[in-house]
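Observations on the model geometry
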Amino acid sequence: MSHQLTDSSAPIRVTSAPASPETRRAWLRAALVLGLFAVTGAGLGVVWEHVWQPSQGLVVRREWFVVDSEFRYDPAGLRNQFSGTGLFVVIGGAAGLVLGGLTALLARRDELLVLGTVAVGSVVAAVLMWQVGTRLGPADPQVLALTAERGTVLPDHLALGSPGALLVWPLASLVALCAVFLLIPGRHRE
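Residues numbered from 1 in each chain as written. Predicted model: local features only at pLDDT ≥ 70, side-chain atom pairs only at ≥ 80, totals over all residues. Heavy atoms only, no water.

1. Some points on the packing of helix α5 (residues 111-136) against helix α7 (residues 168-183)
One way to put it is that α5 packs onto α7 with a least axis distance of 8 Å and a crossing angle of 155°. Taken together, the axis directions place α5 and α7 in an arrangement best described as roughly antiparallel. Viewed along their axes, α5 and α7 form a crossing whose handedness is right-handed. Residues E111, V114, L115, V118, A119, S122, V123, A125, A126 and M129 of α5 touch α7, and the partners they reach there are W169, P170, S173, L174, L177, C178 and F181. Looking at side-chain class alone, the contact of α5 with α7 contains 14 nonpolar, two polar and one charged residues. (Axes fitted to C-alpha atoms, helices over the stretch in contact; angles between N-to-C directions. Helix = DSSP H or I, 4+ residues; strand = E, 2+ residues; numbered from the N terminus. Parallel < 35°, antiparallel > 145°, perpendicular 65-115°, else oblique. Left-handed = near helix turned anticlockwise from the far one by under 90°. Contact = heavy atoms within 4.5 Å. Nonpolar A, V, L, I, M, F, W, Y, C, P; charged D, E, K, R; others polar.)

As structure tokens, this is what we get:
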């Protein structure tokens, strides 16, 4: 074994090559794509909450139920409870397709960096859309019903019925990105 590995008096020099202007531009583009996905996700959270129509229900024995004024179950209101998740899937899927395809069209190089950026950005967008939309929506009626009087009308809260709906953004974005990369020739480095 070399004495330089065990000798503590030998200086250790770490050298790194400065990043090239092209590398810096690639990372700047990646940061811009992440920002675009984040802003779009937050904005679509506002749209999601605005488009969604909550079911109305009544408080009975300190619990909230989707019932009409005569305390009968409201089938239309019960069906509407799943509309929040459906709207999230439709809005997020469409936005993911558009942003994934647009990013692929604008990215001329660094396909792996773009792929990673779109994957991370679409997850960030999905989480932001979910959090912004649910925080802007009405409060959980089950919690409000604990202190409300019998017969109080409360709107339902905006929520995702399944955490799997968060996967729509990344799947749609990556499908559009890969489709553009594979279908449009001349996209690779020389």
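Now, onward.
2. Overview of the sheet that holds strand β2 (residues 63-65)
Across the sheet, three strands lie side by side as β2-β1-β3; this open sheet has antiparallel pairing. At either margin of the open sheet sits one strand with a lone partner, and together these are β2 and β3 (153-155). Looking at each pair of strands side by side, their axes are set apart by 40° on average, direction ignored. (Pairing = 2+ DSSP bridges.)

3. Notes on the environment of L166
Relative to the elements of secondary structure, L166 occurs in the loop between β3 and α7. Considered as a pair, L166 and M129 are 37 residues apart in the sequence and their alpha carbons are 9.3 Å apart. Filtering out sequence-adjacent residues up to four positions away, L166 remains in contact with F88, A126, V127, W130 and L160.

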